[in-house]
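Listed here are the chains, written in short residue letters.
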Amino acid sequence: MTLAEQNTPVAQNKTAVVTGASTGIGEATVKALVSTGWKVFAVARRAERLGALAAGTGAIPFPADITNDDDVAALLAAVTQAGGADTLINIAGGARGADTIANADTEDWDWMYQVNVLGTMKITRAFLPMLRAHGEGTVLNLTSTAGLSAYEGGAGYNAAKFAQHAMTNALRLEEVGNNVRVIEVAPGLVQTEEFALNRLGDKDAAAKVYAGVDKPLTAEDVAGVVAYSVSLPHHINLDQIVVRPVAQAANHKLIRKEG
């Protein structure tokens, strides 16, 4: 039984839009929310994977690129026509490359900023009027501990996640008068199907990220935290949740077992 199934209240007439839903934490978040009674719009670029997720959960699939203005407008129109949503969960994001600044790849940096920062901004900007009108809206941004502490070889991802972290804090200040709750979940080391592989582009290199680590977090672990935080009574705001495996005391302090 997952954390969400154990501790998350059963939702009543709750509707969420979840981005990054085709894999990893986004996919697991859709499953966690649906299992506790939420209506969920699952958003990602890969239509086939969304179709499989919808068939297995009953979520509503919506293929879209959150960095594309037309796609975001179409998503907003579809959600509005279907009765609206009270919760926006921004999971979409990612890392590319592990180069030093001296060897930085401009395309990697541009992609990370577009997806993590501008994509989050565009979809949040689009849905804020709906969340305000609801009266008890929620925005949850999945950032990263990479947005709280820099590390060598992480500058591009650090920069994007620091920006997303700052944007989340600013949003909370700007929207408190509209009773919009703003939550940040910042995971540390999470072993998912694609994150390290997409970042490093090599299966062996990706495997080394988790080698010897006792019980890194799973997508389901983080999804349970996300589902719990958005399912609490609306007057409870978990401003920032940092979640790491016990083996990771800090970004630079990770215990690996030999052998």
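Data block above holds the structure.
To keep things clear, this report deals only with the structure shown in the data block. What you see as residue numbers is a count from 1 along each chain, following the sequence as written. Owing to the predicted nature of the model, reporting of local features is limited to residues with pLDDT of at least 70; listing and counting of side-chain atom pairs is limited to 80 or more, with chain, interface and lining totals taken over all residues. The basis for every side-chain value is the complete set of heavy atoms in the structure, and neither hydrogens nor water enter the calculation.

A closer look at the overall build of the protein
Then comes step 1: Helices and strands together make up the secondary structure of the protein, namely 9 helices and 11 strands.
Then comes step 2: Here the globule rule is a power law, 2.2 Å times the number of residues to the power 0.38, and the radius of gyration is based on C-alpha atoms. A compact globule built from 259 residues should have a C-alpha radius of gyration of about 18 Å, and the protein, at 18 Å, falls within 12% of that.
Then comes step 3: Viewed in the frame of its principal axes, the protein has a C-alpha envelope of about 50 × 40 × 35 Å.
Then comes step 4: Note on areas: Shrake-Rupley, 1.4 Å probe, and residue coverage restricted to the protein chains presented here. Total accessible area computed for the protein in this model is approximately 12200 Å², and 52% of it derives from carbon and sulfur atoms.
Then comes step 5: Think of it this way: Lys and Arg go in the positive column, Asp and Glu in the negative one, and His and the chain ends go nowhere. Charged groups are reduced to one reference atom each: NZ for lysine, CZ for arginine, CG for aspartic acid, CD for glutamic acid. The distance from the centre of the 21 positive side-chain charges to the centre of the 27 negative ones in the protein is 4 Å. Helix and strand assignments follow DSSP, with helices taken as H or I runs no shorter than four residues and strands as E runs no shorter than two, numbered in order from the N terminus.

Focus: the packing of aromatic side chains
Then comes step 1: The aromatic pairing rule takes the rings of Phe, Tyr and Trp, using the six-membered ring of Trp, and pairs them if the centres are within 6.5 Å, calling planes under 30 degrees apart stacked, those over 60 edge-to-face and the rest tilted. With the rule as written, the count across this model stands at 0 aromatic pairs.
Then comes step 2: Over the ring of tryptophan 111 we find arginine 96; its NZ or CZ atom is 4.0 Å from the centre of that ring. In this scheme, Lys NZ or Arg CZ marks a charge over a ring once it lies within 6 Å of the ring centre and within 35 degrees of the ring normal.

Concerning the side chain of threonine 124
Then comes step 1: Assignment of secondary structure puts threonine 124 in helix 5 (residues 106-134).
Then comes step 2: Here a polar contact is recorded for every N or O atom pair within 3.5 Å, except that within protein the pair must consist of a potential hydrogen donor and a potential acceptor, and residues adjacent in sequence are included only if both atoms are side-chain atoms. A distance of 3.1 Å separates the side chain of threonine 124 from the side chain of asparagine 90, its partner in a polar contact.
Then comes step 3: The residues touching threonine 124, leaving out its near neighbours within four places in the chain, are Leu88, Asn90, Val139 and Leu171. In this description, contact between two residues means that some pair of their heavy atoms is separated by no more than 4.5 Å.

Brief notes about the sheet that holds strand 1 (residues 15-19)
Then comes step 1: Strand order in this open sheet of 7 strands is 3-2-1-4-5-6-9, and the pairing throughout is parallel. Of all the strands in the sheet, the pair left with one neighbour each is strand 3 (60-63) and strand 9 (240-243). In this sheet, neighbouring strand axes are inclined to one another by 15° on average, regardless of whether the strands run parallel or antiparallel.
Then comes step 2: In the sheet, strand 1 pairs with strand 4 (residues 87-90) via 3 bridges, with the strands oriented parallel. Its bridge partner being in strand 4, alanine 16 is matched across the sheet by threonine 87.
Then comes step 3: Throughout, an axis means a line fitted to C-alpha atoms (over the contacting stretch in the case of helices), and angles, computed between N-to-C directions, take values from 0 to 180 degrees. Packed onto the sheet, helix 3 (residues 47-57) meets strand 2 (39-44) and strand 3 and runs at close to 175° relative to strand 3.
Then comes step 4: Its contacts with the sheet put helix 6 (residues 155-175) on strand 5 (138-142), strand 6 (181-187) and strand 9, and the angle it makes with strand 6 is roughly 155°. When DSSP locates at least two bridges between a pair of strands, those strands are taken to pair.

Remarks on unusual backbone geometry
Then comes step 1: Unusually for a residue other than glycine, asparagine 179 sits at a positive phi of about 60°.
Then comes step 2: Of note, asparagine 179 is situated in the loop between helix 6 and strand 6.
Then comes step 3: Of note, the phi angle at lysine 215 is positive, near 55°, even though the residue is not glycine.
Then comes step 4: Position of lysine 215 among the secondary structure elements: in the loop between helix 8 (203-210) and strand 8 (217-218).

Structural notes on helix 2 (residues 24-35)
Then comes step 1: Taking 1.5 Å of rise per residue, the 12 residues of helix 2 would be expected to cover 16 Å, and the 17 Å separating its terminal C-alpha atoms lies within 8% of that figure.
Then comes step 2: A simple rule labels every residue: compare its accessible area, found with a 1.4 Å probe on the protein chains alone, to the largest value its type can have, and call it buried under 20%, exposed over 50%, or partly exposed in between. The complete set of buried residues in helix 2 reads Gly24, Ile25, Gly26, Ala28, Thr29, Val30, Ala32 and Leu33.
Then comes step 3: Following helix 2 by one or two positions, glycine 37 has its phi on the positive side, about 100°. A helix is expected to span 1.5 Å for every residue after the first.

Focus: the pairing of strand 4
Then comes step 1: Neither face of strand 4 is open: one carries Thr87 and Ile89, the other Leu88 and Asn90, and all of them are buried.
Then comes step 2: Across 4 bridges, strand 4 lies against strand 5 in parallel orientation. Its bridge partner lying in strand 5, isoleucine 89 is registered against leucine 140.
Then comes step 3: One crossover worth recording links strand 4 to the parallel strand 5 by way of helix 5, and it is right-handed. Orienting the strands away from the viewer, one traces the path from the first strand over the helix to the second; a clockwise path indicates a right-handed crossover.

Shape is all these values report; function is a separate question.
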